[in-house]
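Given next are the chains, with one letter for each unit.
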Amino acid sequence: MAADPKMKFLVVDDFSTMRRIVRNLLKELGFTNVDEAEDGAIALQKLQGGGFEFVVTDWNMPNMDGLTLLQSIRATPNLKHLPVLMITAEAKKENIIAAAQAGASGYIVKPFTAGTLSEKLNKIFEKMGQA
Amino acid sequence: MSDFGGMEDLLQDFLQEANDLLSDVDNKLVDLEKMPDDRALLNDIFRGFHTVKGGAGFLNATELVTLCHLTENLFDRLRNGELELTSELMDVIMDATKGVREMFGELGQLVQPQPADPAVIAALKGVLSGEGVVAASPPEQVQPATSVPQEPTSEPDWSALHAAVTRDAPSVAPTQSEVITKAEAAIVEAAATSAAVVAPGGAAAFGRRATDRPGGQPTSARRAEERGRENTIRVDTSRLDQVLNLSGEIGLTKNRLTSLRADILAGKNDSETLHALDQAVSQLDLLVSDLQNSVMKTRMQPIGRLFQKYPRIARDLARQLGKDVELVLAGEETEVDKTMIEDLADPLIHLIRNAVDHGVEMPEERQAAGKPPKSLVRLEARQEGDHIVLIIADDGKGMNAERIRAKATEKGLISEEEANTLDERQSLNLIFMPGFSTKTQISDVSGRGVGMDVVKTNIQKLNGSIEIRSEPGKGSVFIISLPLTLAILPVLLVLLGDQPFALPLSLVREILPIEQSKIQEVGGKETLVVRGEVLPVITLARLLGWPVERYPEYGVFMQTAERSFILAVDSFAGRDDAVIKSLEDFRPKGVAGVTTLSNGQIVLILDMKELLSDLGQHSDFGSAVRALDFA
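Sequence order sets the numbering: in each chain, residues are counted from 1 along the sequence as written. Here the convention is simple: chains get letters from A, ligands get numbers from 1, in the order in which they are written. Given that this is a predicted model, residues contribute local features only at a pLDDT of at least 70 and side-chain atom pairs are listed and counted only at 80 or more, while totals for whole chains, interfaces and linings are drawn from all residues.

Draft legend 1. A look at the overall build of chain B. By definition, any uninterrupted DSSP run of H or I lasting at least four residues is a helix, any uninterrupted run of E lasting at least two residues is a strand, and each is numbered from the N terminus. Assigned secondary structure in chain B consists of 24 helices and 18 strands. Across the 631 residues in chain B, those meeting the buried criterion constitute 33%. For chain B, contacts bridging at least 24 residues in sequence account for 67% of all contacts bridging at least 6. Three exposure classes are used, all based on how many other C-beta atoms lie within 10 Å of a residue's own C-beta (placed from the backbone): buried at 20 or more, exposed at 12 or fewer, and partly exposed between those limits. By definition, residue pairs are in contact when their C-beta atoms, positioned from the backbone, come within 7 Å.

Draft legend 2. Highlighting the pairing of strand β13 (residues 533-539) of chain B. Residues and elements named next belong to chain B. Whether two strands pair depends on DSSP finding at least two bridges between them. Where strand β12 (residues 525-530) and β13 come together, four bridges link them in antiparallel fashion. Across the sheet, Val530 pairs through a bridge with Glu533, a residue of β13. Counted between consecutive antiparallel strands, the loop separating β12 from β13 contains two residues, among which Arg531 sits at a positive phi close to 45°. For β13 and strand β15 (residues 564-569), the ladder comprises three bridges, and the chain directions are parallel. From the neighbouring strand, Thr539 faces β15, where its bridge partner is Ala568.

Draft legend 3. Main features of helix α1 (residues 16-28) of chain A. Residue and element names in this part refer to chain A. Here α1 spans 18 Å end to end across 13 residues, near enough to the 18 Å set by a 1.5 Å rise per residue. All buried positions along α1 are accounted for by Thr17, Met18, Arg19, Arg20, Ile21, Val22, Leu25 and Leu26. Immediately downstream of α1, the backbone of Gly30 shows phi near 95°, a positive value. Here the expected length of a helix is defined as 1.5 Å per residue gap, with one fewer gap than residues.

Draft legend 4. Summary view of unusual backbone geometry. Cis peptide bonds are those with omega within 30 degrees of zero, and the linkage from A:Lys110 to A:Pro111 qualifies with -10°. Residue placement: A:Pro111 occurs in the loop between β5 (106-109) and α5 (114-130). Of note, the phi angle at A:Asn63 is positive, near 65°, even though the residue is not glycine. On the secondary structure map, A:Asn63 appears in the loop between β3 (54-58) and α3 (66-74). Given 13 C-beta atoms within 10 Å, A:Asn63 falls into the partly exposed group. At B:Asn60, a position not held by glycine, the phi torsion is positive, near 60°.

Draft legend 5. Local environment of the packing of helix α1 (residues 8-34) of chain B against helix α4 (residues 87-108) of chain B. Residues and elements named next belong to chain B. Relative to each other, α1 and α4 sit at 165°, their axes nearing to 11 Å. Of the possible angle classes, the one that applies to α1 and α4 is roughly antiparallel. For α1 against α4, the interelement crossing comes out left-handed. For the pair α1 and α4, the contacting residues are Leu11, Leu15, Ala18, Asn19, Leu22, Val25, Asp26, Leu29 and Glu33 in the first and Met90, Ile93, Met94, Thr97, Val100, Arg101, Phe104, Leu107 and Gly108 in the second. Considered class by class, the residues forming the contact of α1 with α4 number 12 nonpolar, three polar and three charged. Lines fitted to the C-alpha atoms define the axes, with helices restricted to the stretch that makes contact. Angles between their N-to-C directions range from 0 to 180 degrees. Any angle from 65 to 115 degrees is called roughly perpendicular, while one under 35 is roughly parallel, one over 145 is roughly antiparallel, and all others are oblique. With the far helix as reference, a near helix turned anticlockwise by less than a right angle produces a left-handed crossing, and one turned clockwise produces a right-handed crossing. Polar here means any residue outside two lists: the nonpolar Ala, Val, Leu, Ile, Met, Phe, Trp, Tyr, Cys and Pro, and the charged Asp, Glu, Lys and Arg; Gly therefore counts as polar.

The following block contains the structure:
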């Protein structure tokens, strides 16, 4: 499935520089419809408002971390279908297992390039297309 | 050349945010010393390093990533209870934080950070490998074979595992192992450097001392970075909205005035039109002053941004001196003009260091005096009317006026006779004299007697004043008073003949009529007794080198930090809020700047301190005024 460039992303990270980085990388890939949230709690609120088609979230955040956000998304009937790409600085197996078990659509380790991000996104789009 | 082609913007954002984050971490570290088991604190600090690491990765700042990674792992162990926070460990953490800050400094100069102090890296690895801090003796530590496999590489099969768990093709593997290889290489490299640096000396380069010294490259790098950041400011969007809103309203009022002007030019001048004009003008008046206020507010920043760096400084210094000091902050939300915050940084650091170094006693000494062993230094900010007041108070031994006088005479700063005429307050003020330092032994902490006078000069540059109160045995208080903004100066307009001059209102105590019969000559100088106090009378005309045509009728009682006096003037025209325009290349002595009055007249704002500094030499000034007349 070819990705729709108008697809609306939500980028969740407590570090605004990081949100900007992700936003820029997404822009490089042609995705310009991007909103941001500072932590899981705010993200969840924005997602409830509707209109989002893809979530890219950091793991480690105050208030509500990325894993809890992922779990909350999967537990919410109108959100559970949303693809969620987890970003983290860790390549530890516990983290990957936890993310996979919670239903992450993908997992990406910082730092990454637009190329890596594109690869991850495409894989997720592919799976969505199959579903 | 920059190492960050195309990423400079991002780098600036990163530095600003990461610096705030690190200051926050610094403060939490100070708190952590008091509550070593506080999980929330440990978590926050962990996240701080983690976040910096993540951002640094995108900037390819490998050394910063390595340092943050190790520190973060340390906090991971701490929060999981696998490590105990000892004071040695705390020192390692503090050094690591310092290293991170130094790297920010290098990044600020657009260069990739150099590897962290090998001793710090070795110490961190020592702790992580369970050998403890003491075992961080360089030779063993730098064996790459033992220290490197610690981290990511210990899970070689993770990607297969990921694939198994997610039933996903392991195509992610190359990138991630790439990352690990890179990190590994960095660690090996750092370790190798550490070996190279440490080996020849034999004696360990490890320890805080080496990195603690002020001066040197890292410090200057940090300064440069701070200077580099002066050009940007973070403003609450609601404040900008307010500015936008007000300018919109001013636009509307301007339109109203334009249409009224057309009416009036067309000969319409009935009372209704004039009333409308009057209303529009008053409204404009109100809006413009609101706009000025709002624009000023965009420059205001909470002083807490500055304060947050100090607990760490106080803590480090106290530890170094073997004292137990807690820096208590209050009024962090007080807002101060941004440029002022920058200019206050150094004087405040100095005063805090001074309080910790000279103000408070050693724990034993305190106990002997019946005080709690831990001393408190309080740093407080608050707004009082149109002033910002900063207070640095300690509960130490206080200042001894007698000893200060003796020291000043001994140093030849004042004569014996002068010393005898000084009262308590004046004696304390002696510490602001250049070359004064009460500790016979120069400590490398509070400088070499080039401190307090600089503090005072810096405060005065901001149109502020500093005052000392001290009670022997109870402690000392430094009170700094500053105007709210540097852009607007409340002035008193005085007249010499028809020529107005502006004096800073902050120096004016009162205005009194001068009766010539009351003037007394003392030692050839004119004086006037005001409520028992003998004050010298200085004639403004003479000060400026103007001919005195008639005897001045009014005296302005003025008080600067050094002296009180009566400035004799012909008359005065009231007070005004002067918007200071500086004289760029043409700044005659004694002129702080110029301002424009409502009638368009240009008025010189006098710098009393400069004018008084050399009574009698005025040719410079006279020609300046004449030059302005021609302009």
